[in-house]
Amino acid sequence: QDTVSPFTNSSTWHAFAPLAYGGQVGFLKDGLSLRAMAVLGGAQFRGANTPVDGTAVPSKLNNFAIDGSYTLDLADQGSVMLGASYLHGSAYCQGYPVVHFNPCSDNVPAWDVYGRVKYGPVEIIGEFARTTKVWPGTQVPDPANPLSVFAANKVTSFTAGGRYHFGQAGKGTRLSLEYSKFIAGPEGSPWNRQDQTVAGIAQDFGLGAELFGEYIHTAGFSPLNFISGGNFPHGST
């Protein structure tokens, strides 16, 4: 869930980056990185949720994440990195109406593939993440509600971005452009997607000093809370 932007996180980070308690072990050697983490179940701070005896209280190690990547150095010119991750219990397991920190009846796993190319002053990143099952809460159960025509949907997000660095390492100017998309529902649903485009410029003045600015454009809005409605009688959100 990296970004080339000076400050703003990508939509993929907002959709899938877990922040949770647990224990992690890892192995790092010659460009190979392997990590595994046992994660407390329940509704964690961000992006992680597995049911704990019918509750959302984090009190059992019944969630986990694994990640592996390999970085190949290109002489002195740069590097190529490819990786993949798996999260056993994502945030997208709640039923209708979706309310943050509510318990789930079952976990919904998610997987992710990502890569980064650095060559001279150029850096390019790409990432794709998706749940393995549909998000139950994106199906409105009331047939009288016009929003019930939309089927439950898997959650998808992807990021593509690039950055160019003028000057020496640690100093100079960086120009960046990044596009990321969060897809929570089928085409035509009010919660279908949220797109984000960020153009950035950053100026390094040496160790610990940077001045940056960004232009951010978003389209669509997919909030976690009441994403498919349920907070107003007429079904809107």
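Look a little higher up for the structure.
Quantities reported herein were computed from a predicted structural model and do not represent experimental measurements.

## Focus on a nonpolar patch on the surface
Among the surface-exposed residues, Val-117, Tyr-119, Val-122, Ile-124, Tyr-164, Phe-166, Leu-175 and Ile-201 lie close enough to one another that they form a single nonpolar patch of about 690 Å² accessible area. Looking at the nonpolar patch, the elements with two or more residues in it are strand S7 (110-119), strand S8 (122-131) and strand S9 (156-166). If you trace the backbone, Val-122 turns up in strand S8. Among the residues examined, Val-122 registers a relative accessible area of 33% and is labelled partly exposed.

## Quick look at the state of the cysteines
Under the defined criterion, the tally for this structure stands at 1 disulfide. Put simply, Cys-93 and Cys-104 are joined by a disulfide, and their sulfur atoms are 2.0 Å apart. In this structure, the disulfide formed by Cys-93 and Cys-104 twists by about 60 degrees around the S-S bond and is classed as right-handed. Placement of Cys-93 in the loop between strand S6 (78-87) and S7 and of Cys-104 in the loop between S6 and S7 is noted, with a sequence separation of 11 residues between them. Note on Cys-93: relative accessible area 3%, which makes it buried.

## Concerning the pattern of salt bridges
This model, assessed by the stated rule, comprises 7 salt bridges. The partner of Arg-174 in a salt bridge is Asp-204, and the shortest N-O contact between them spans 2.6 Å. You can see Arg-174 sitting in strand S10 (residues 171-183) and its partner Asp-204 sitting in strand S11 (residues 193-205), a full 30 residues away along the chain. Per residue, the accessibility class of Arg-174 equals that of Asp-204, and both read buried. Residue Arg-174 pairs with Glu-210 through a salt bridge whose shortest N-O separation is 3.0 Å. With Arg-174 in strand S10 and Glu-210 in strand S12 (residues 210-219), this pair connects stretches of sequence that are 36 residues apart. Each of the salt bridges in this network shares a partner with another, and the network as a whole consists of Arg-174, Asp-204 and Glu-210.

## A closer look at the sheet that holds S10
Spatially, the 10 strands line up as an open sheet ordered S1-S2-S5-S6-S7-S8-S9-S10-S11-S12, and their pairing is antiparallel. Edge positions in the sheet fall to strand S1 (22-29) and S12, since each of these pairs with one other strand and no more. Between one strand axis and the next, the sheet turns through 10 degrees on average, direction left out of account. In the sheet, strand S2 (residues 32-39) pairs with strand S5 (residues 63-74) via 8 bridges, with the strands oriented antiparallel. Residue Ser-33 lies in a different strand from S5, and its bridge partner there is Ser-69.

## Focus on the environment of Gln-139
Counting through the fold element by element, Gln-139 comes out in the loop between S8 and S9. Relative accessible area serves as the criterion here: at 28%, Gln-139 is assigned to the partly exposed category. Expressed as a C-alpha distance, the spacing of Gln-139 and Phe-150, which sit 11 residues apart in the sequence, is 6.5 Å. Not counting residues up to four positions away in its chain, the partners in contact with Gln-139 are Tyr-96, Ser-148, Phe-150, Ala-151 and Ala-152. Among the polar contacts listed, one links the side chain of Gln-139 to the backbone oxygen of Ser-148, at a separation of 3.2 Å. Side-chain polar atoms of Gln-139 contact the backbone nitrogen of Ala-152, separated by 3.4 Å.

Conventions adopted
Residues numbered from 1 in each chain as written. Predicted model: local features only at pLDDT ≥ 70, side-chain atom pairs only at ≥ 80, totals over all residues. Heavy atoms only, no water. Patch = residues over 30% accessible without salt bridge, like charges linked within 9 Å, V, L, I, M, F, W, Y side chains within 5 Å. Areas by Shrake-Rupley, 256 points an atom, 1.4 Å probe, with all protein chains shown as cover. Salt bridge = Lys/Arg side-chain N within 4 Å of Asp/Glu carboxyl O. Helix = DSSP H or I, 4+ residues; strand = E, 2+ residues; numbered from the N terminus. Buried < 20%, exposed > 50% of the residue type's maximum accessible area, 1.4 Å probe, protein only. Disulfide = S-S within 2.5 Å. Pairing = 2+ DSSP bridges. Axes fitted to C-alpha atoms, helices over the stretch in contact; angles between N-to-C directions. Contact = heavy atoms within 4.5 Å. Polar contact = N/O pair within 3.5 Å; in protein donor to acceptor, adjacent residues only side chain to side chain.

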